[in-house]
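If you want the building blocks of each chain, they are given just below.
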Amino acid sequence: MPDFFNRMKAHHAGMLAVFFLIALPAAVFMIRCLPPEYKVSSSILIRQGKRQVSPDMKPELTVLHSDALAEQVLAAVGAEQLFPQASQGGRVQQFQQRFRVQPVQGADRIVEITFQHPEQQLAVEVVSAVIRLIGLELKKLNEPQASLLEEELLLHRQQMQQAQNVLAMFRQNSRLYSDDWQMQYLEIKRGRLEVVLEEETRQEQELAGELAKLRQQFAAFPVGDAESKEEFLQMKLYRQEIMRKYDAKEPLIASVEEQLKLLRQQIQADKAVERLVDQIAQASAAHAEQQGAKEAVQRELNQIARSLQQQAEQKKVFSSLEAEVEESRTRYAQQLNKVEEIRKAGMKEGYVTVIEQPEPSEPVRPKKLPRLAMAVFFGLIGSLLYGFFRRLPGKNQL
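I will try to describe carefully the structure that is included in this document. Since the structure is predicted, the reported quantities are computational estimates derived from the model, not experimental observations.

**Quick look at the environment of M160**
Right, so step 1: Residue placement: M160 occurs in helix 8 (residues 144–174).
Right, so step 2: M160 sits in the buried class, given a relative accessible area of 13%.
Right, so step 3: For M160 and E324, which are 164 residues apart along the polypeptide, the C-alpha to C-alpha distance reads 8.7 Å.
Right, so step 4: Not counting chain neighbours up to four residues away, the residues in contact with M160 comprise S328, R329 and Y332.

Listed below in structure tokens is the structure:
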């Protein structure tokens, strides 16, 4: 053993250097680089309820340690902010690990609440939320009616969210992003089309009048009988129609030409009759075209009328859904006021009295002395290993 220490002394300078090279960075890392944790504490007085006769506060402490209270606190403060990496079940477990409830020794029904977290402000919010919510939980423990009100509040909240979802879905499906703007646009378009329809109708009536005059003139021509003249006119109109559809070499056109030739001979039509019939055919084609244009405008107007009617019906349904959402919000707000009154009553009626407000302390982690001791330990191990390897045979030249 003396020989061992004597050999170690021969390398004391190197061992001391290794010690500081390991211990100093380790101490800096464990003290400076590790995130601090803050401990927030508060003291509250829990008074005995009307139905609670347990002097050891076992029911109250059970409520404070319950997962139900932990879930409410996580929901109030924000579970993702407190424990972003954990799942829902893991967040409750982590909360319980950092949350402490301890009756104060020598004080009747006084409890100290503590919570540790890297974020100082979040730790304060957690303790404040516990104090705020424990009043309601104790109220529910002593007065079951409070529990029923809480359940009704949850039901009203679900109904409100459901009504909002239905309204949003209806708005998206019906494309009611700006229903007033759509109605105004359709009304303007309908007004313009009504002016166009009026003009198209006027022109169609004028062409109909001209066509009627030409037909009267044709009927007054002293050629053939009335039936043959009408047949000749209809055949002319038919020829004009099929000429627009088919090629001139179409056999049907040749057949119609043969029939026209026979009818022309039958009524002894001269050039004046032919010219008048051609005018009637042209006027009839113009009248048919104008009538088609008028009907197209009328169809567009009918479509706009249906769209306006549909918009009005959708707006009516939308207003009804909006009223339902507003009504559900009102019911939820009223129920929330009742629950808040109970929560405040839990404080005012003596269920919970805050003795010491939540205040953060100095960082409780990392603790300096244990970290420094660990750094010194690592430095000693490193220096001893250095001396041990230096005294091995063949290492003296190192």
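**Considerations on the environment of E200**
Right, so step 1: Following the sequence through the fold, E200 ends up in helix 9 (residues 179–220).
Right, so step 2: The class for E200 is buried, based on a relative accessible area of 17%.
Right, so step 3: Along the chain, E200 and A293 lie 93 residues apart, while their C-alpha atoms are 7.2 Å from each other.
Right, so step 4: When near neighbours in sequence (up to four residues on either side) are disregarded, E200 contacts Q290, A293, K294 and V297.

**What about the packing of aromatic side chains?**
Right, so step 1: With the rule as written, the count across this model stands at 2 aromatic pairs.
Right, so step 2: With centroids separated by 5.3 Å and ring planes inclined at 20°, the aromatic side chains of F95 and F99 adopt a geometry described as stacked. Each member of the pair F95 and F99 is classed as buried.
Right, so step 3: In textbook terms, an aromatic cluster arises when at least three aromatic residues are bridged by ring pairs, as seen for F95, F99 and F115.

**Concerning the pairing of strand 2 (residues 99–103)**
Right, so step 1: Pairing geometry for strand 2 and strand 3 (residues 110–117), over 5 bridges, is antiparallel. Following the sheet pairing, Q102 is matched in strand 3 by E112.
Right, so step 2: What sits between strand 2 and strand 3 in their antiparallel hairpin is a turn of 6 residues, with G106 showing a positive phi close to 80°.

**Side note on a nonpolar patch on the surface**
Right, so step 1: Together, L21, I22, M374, F377, F378, I381, L385 and F389 line one region of the surface with nonpolar side chains, adding up to about 760 Å² of accessible area.
Right, so step 2: At 6 residues, helix 13 (residues 368–390) tops the list of elements feeding residues into the nonpolar patch.
Right, so step 3: Mapped onto the elements of the fold, L385 is located in helix 13.
Right, so step 4: For L385, a relative accessible area of 45% corresponds to the partly exposed category.

**A few points about the pairing of strand 1 (residues 38–46)**
Right, so step 1: Counted residue by residue, strand 1 has 8 buried out of 9 residues, so it is predominantly covered.
Right, so step 2: Bridging between strand 1 and strand 3 involves 8 bridges; their strand directions are antiparallel. Across the sheet, the residue bridging to I44 is V111, located in strand 3.

**Some remarks on the side chain of H117**
Right, so step 1: Secondary-structure assignment places H117 in strand 3.
Right, so step 2: Within the structure, H117 has its side chain in polar contact with the backbone nitrogen of E119 (distance 2.9 Å).
Right, so step 3: With sequence-adjacent residues up to four places away left out, H117 is seen in contact with E37, Y38, L82, F83, R98, L122 and A123.

Analysis parameters
Residues numbered from 1 in each chain as written. Predicted model: local features only at pLDDT ≥ 70, side-chain atom pairs only at ≥ 80, totals over all residues. Heavy atoms only, no water. Helix = DSSP H or I, 4+ residues; strand = E, 2+ residues; numbered from the N terminus. Buried < 20%, exposed > 50% of the residue type's maximum accessible area, 1.4 Å probe, protein only. Contact = heavy atoms within 4.5 Å. Phe/Tyr/Trp six-rings, centres within 6.5 Å; stacked < 30°, edge-to-face > 60°. Pairing = 2+ DSSP bridges. Patch = residues over 30% accessible without salt bridge, like charges linked within 9 Å, V, L, I, M, F, W, Y side chains within 5 Å. Areas by Shrake-Rupley, 256 points an atom, 1.4 Å probe, with all protein chains shown as cover. Salt bridge = Lys/Arg side-chain N within 4 Å of Asp/Glu carboxyl O. Polar contact = N/O pair within 3.5 Å; in protein donor to acceptor, adjacent residues only side chain to side chain.

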